[in-house]
Amino acid sequence: MEAAVQKKATMFRLSVDLIERLKEMAKKEHRSINNFVECVLLDVA
């Protein structure tokens, strides 16, 4: 059984255009924007 991952709410200021692009990309993958961005960041971090 895996341990629960602790998460912390964070706020970023992003351009409206970028947010719209991210929403569209997340929608195409049937994911929330939060999950999509988190996975993208995990891939590059």
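Counting from 1, residues in each chain are numbered in the order their sequence is written. At least 70 in pLDDT is required for a residue's local features to be given in this predicted model, at least 80 for side-chain atom pairs to be given and counted, and no such filter applies to totals for whole chains, interfaces and linings, which use all residues. Think of the side-chain values as coming from all heavy atoms in the structure, minus any hydrogens and water.

## With respect to the overall build of the chain
- The helix and strand tally for the chain stands at two helices and zero strands.
- A principal-axis box enclosing the C-alpha atoms of the chain has dimensions of 40 × 25 × 20 Å.
- Only protein chains enter the area calculation, which uses a 1.4 Å probe; residues under 20% of their type maximum are buried, those over 50% are exposed, and those in between are partly exposed. Within the chain, buried positions represent 7% of all 45 residues.
- Areas reported as accessible are Shrake-Rupley estimates using a 1.4 Å probe. Residue values count occlusion only from the protein chains shown. Working note: accessible area of the chain is about 4,700 Å², and carbon and sulfur atoms make up 58% of it.
- Positive charges come from Lys and Arg, negative ones from Asp and Glu, while His and the chain ends are left out of the count. Charge placement uses NZ in Lys and CZ in Arg. For Asp and Glu, CG and CD serve respectively. Measuring between centres, the 8 positive side-chain charges of the chain sit 5 Å from its 7 negative side-chain charges. Counting from the N terminus, the helices are the DSSP runs of H or I reaching at least four residues and the strands are the DSSP runs of E reaching at least two.

## Description of unusual backbone geometry
- Phi is positive for histidine 30, which is not a glycine, with a value near 55°.
- Among the secondary structure elements, histidine 30 is positioned in the loop between helix H1 (16-28) and helix H2 (33-44).

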